[in-house]
Amino acid sequence: MNSLPAFLFTAGIMVLTSGCETYVTSSKAAAFNQSVTQAAAALQASLDEVQAVEVGNSVDSFAAGERRTFEGMDLSPKLSDGESRAIADQFGFLVSYSQALKDATTPGTSWSSCSSTLNSAASKIPTDASALATTVSGSSPMSPTTTSRLSADAGNLAKAVATAGQGVLTLYGEEKAYTIARGADLAVQRYCSDLEELLAGDDAPAPSSGLAGILRADYEKRITVLRNLVTTVPPPHGYDDPGYVQAYLWRSQLAQQYSQETKDAQAGVAKMLALRKAIAKIASAHAALAQRNDEAFQQRLSDEADLLETAFKSAPAPSSGAQK
């Protein structure tokens, strides 16, 4: 680090600790990038759960059928790997933006390279979003309207970043990052709103739309199978019944599995809704970043981290029936 950037970085830390910040510090840009990256990782965990539950449903379907061999058995999830990647890419675009903001605070980083990476990510959005407008597992994670809006908002965000970046190429990175964040904030807010709708139309406990709605419907299929199965297992008729032990064990196993699947369904949907709220916190943190409101920025990121920690790390993993 040469003397001028070193001086400016030191000055930035002094200003930050004095409570009168004037630009986006490298530490804040890194913290924002980390929060967005954590949200993307949490999304991937939920996508894996959706596909695992769908595979479980396929196994149930095979078990209830008349096939005597595994030939022709389709264990592919209804949410295909391609569709899963397309959903992840929507979050990946936001990660690309936060990385560009982080890179803008790093002396020696080429801004043209940052902008190129973001534009490349934006160019994938229309194709990926269109793939999500198709029906998946009986419902659609995105309406055609949301698909169109998400594509447009991604392009507007990339354009806003490029426009802001071109105007501040001679500035030091931290001031450049603030200028970019301020110029792109409206586009960031709109894009984050699109991501919220992709996850769920609202934060109702029993969502019927978006990825949360798909996960809920998939779990309900598994739970319905268990409800039907228990009606086929005869109850034990006393200790002198030769089939008492077998009937007892079957019913006990089904009851335990039903209880676990119900808990998994509640936890899985709760994770989706927590992620939806986390995206709202990220958007709010970005607004605070653009407004140079350090206290609000730190609080929003802390709230986002708490949401993901509680929903994804503190909650038990889904039962073996919902694992790949």
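Residues numbered from 1 in each chain as written. Predicted model: local features only at pLDDT ≥ 70, side-chain atom pairs only at ≥ 80, totals over all residues. Heavy atoms only, no water.

(A) Fine view of the overall build of the chain. For the chain, the helix and strand inventory stands at nine helices and zero strands. Going residue by residue from the N terminus, the α and β elements of the chain occur as α-α-α-α-α-α-α-α-α. Looking at the chain as a whole, 44% of its 324 residues qualify as buried. Here the chain displays about 15700 Å² of accessible surface, and carbon together with sulfur accounts for 54% of that area. (Helix = DSSP H or I, 4+ residues; strand = E, 2+ residues; numbered from the N terminus. Buried < 20%, exposed > 50% of the residue type's maximum accessible area, 1.4 Å probe, protein only. Areas by Shrake-Rupley, 256 points an atom, 1.4 Å probe, with all protein chains shown as cover.)

(B) Spatial organisation of the packing of aromatic side chains. On inspection of all chains with the given rule, the structure shows two aromatic pairs. Residues Phe93 and Tyr191 carry aromatic rings whose centres are separated by 5.0 Å and whose planes lie at 70 degrees to one another, so their mutual orientation is edge-to-face. You can see Phe93 sitting in helix α3 (residues 81–104) and its partner Tyr191 sitting in helix α6 (residues 173–199), a full 98 residues away along the chain. Taking 6.2 Å as the distance between ring centres and 15 degrees as the angle between the ring planes, the aromatic pair formed by Tyr244 and Tyr248 counts as stacked. With a gap of four residues between them, Tyr244 and Tyr248 both fall in helix α8 (residues 244–290), about one helical turn apart. Here Lys28 stacks its cationic end above the ring of Phe297, 5.0 Å away from the centre of that ring. Lying over the aromatic face of Tyr178, Arg292 brings its terminal NZ or CZ to 3.4 Å of the ring centre. (Phe/Tyr/Trp six-rings, centres within 6.5 Å; stacked < 30°, edge-to-face > 60°. Lys NZ or Arg CZ within 6 Å of the ring centre and 35° of its normal.)

(C) Looking closely at the nonpolar core. In this structure, Phe93, Tyr97 and Leu275 are the most contacted members of the largest nonpolar core, which totals 64 residues. Looking at this core, the element that brings in the most residues is α8, giving 13 residues. When sequence neighbours within four positions are dropped, the list of residues in contact with Leu275 reads Ala39, Ala42, Leu43, Phe91, Leu199, Leu308 and Phe312. (Core = buried A, V, L, I, M, F, W, Y, C linked by side-chain atoms within 4.5 Å. Contact = heavy atoms within 4.5 Å.)

(D) Seen up close, the packing of helix α2 (residues 26–64) against α8. Relative orientation of the contacting elements α2 and α8 amounts to 160 degrees, with a least axis distance of 10 Å. Overall, the two elements α2 and α8 adopt an arrangement that is roughly antiparallel. For the element pair α2 and α8, the recorded crossing hand is left-handed. For the pair α2 and α8, the contacting residues are Lys28, Phe32, Ser35, Val36, Ala39, Ala42, Leu43, Ser46, Glu49 and Val50 in the first and Asp264, Gly268, Lys271, Met272, Leu275, Ile279, Ile282, His286 and Leu289 in the second. Per-class residue counts for the contact of α2 with α8 are eleven nonpolar, four polar and four charged. (Axes fitted to C-alpha atoms, helices over the stretch in contact; angles between N-to-C directions. Parallel < 35°, antiparallel > 145°, perpendicular 65-115°, else oblique. Left-handed = near helix turned anticlockwise from the far one by under 90°. Nonpolar A, V, L, I, M, F, W, Y, C, P; charged D, E, K, R; others polar.)

(E) Summary view of the environment of Ala267. Tracing the backbone shows Ala267 in helix α8. The sequence separation of Ala267 and Ala311 amounts to 44 residues, and the corresponding C-alpha distance is 7.7 Å.

(F) Helix α9 (residues 294–313), seen in detail. In a regular helix each residue adds 1.5 Å, so 20 residues correspond to 28 Å; α9 covers 27 Å between its end C-alpha atoms and thus fits that length. Listing the buried residues of α9 in full gives Ala296, Phe297, Leu301, Asp303, Glu304, Leu308, Ala311 and Phe312. Projection of α9 onto a plane perpendicular to its axis shows the buried side chains occupying an angular sector of 155 degrees, all on one side. Facing away from the buried side of α9, by more than 90 degrees, are the exposed residues Glu295, Thr310 and Lys313. Looking at the buried positions of α9, the neighbouring elements they touch are α2 and α8. (Expected span 1.5 Å × (residues − 1). Arc of directions from axis to C-beta.)

(G) Spotlight on the environment of Ala100. Along the chain, Ala100 turns up in helix α3. Residue Ala100 is classed as buried on the basis of its relative accessible area of 3%. Measuring from C-alpha to C-alpha, the distance between Ala100 and Ile180 comes to 9.8 Å, with 80 residues separating the pair along the chain.

(H) Spotlight on the environment of Thr310. You can see Thr310 is positioned in helix α9. With 39 residues separating them in the primary sequence, Thr310 and Lys271 have C-alpha atoms 8.9 Å apart. Side-chain polar atoms of Thr310 contact the backbone oxygen of Asp306, separated by 2.9 Å. (Polar contact = N/O pair within 3.5 Å; in protein donor to acceptor, adjacent residues only side chain to side chain.)

(I) Looking closely at the confidence of the model for the chain. Chain-level pLDDT for the chain is 80 on average; 81% of the residues reach the 70-or-more range. Per-residue pLDDT stays below 50 along residues 1–23; that stretch engages in 25 contacts with residues further than four places along the chain or on separate chains. (pLDDT = per-residue confidence, 0-100.)

(J) View of the pattern of salt bridges. Summed over the entire model, instances satisfying the criterion amount to eight salt bridges. Its salt-bridge partner being Arg222, residue Asp60 comes within 3.5 Å of it at the nearest N-O pair. Of the two residues, Asp60 sits in helix α2 while Arg222 sits in helix α7 (residues 210–230), which places them 162 residues apart along the sequence. The exposure class of Arg222 is buried, given its relative accessible area of 5%. Beyond isolated ion pairs, a larger network of salt bridges with shared partners links Asp60, Arg222 and Glu261. (Salt bridge = Lys/Arg side-chain N within 4 Å of Asp/Glu carboxyl O.)

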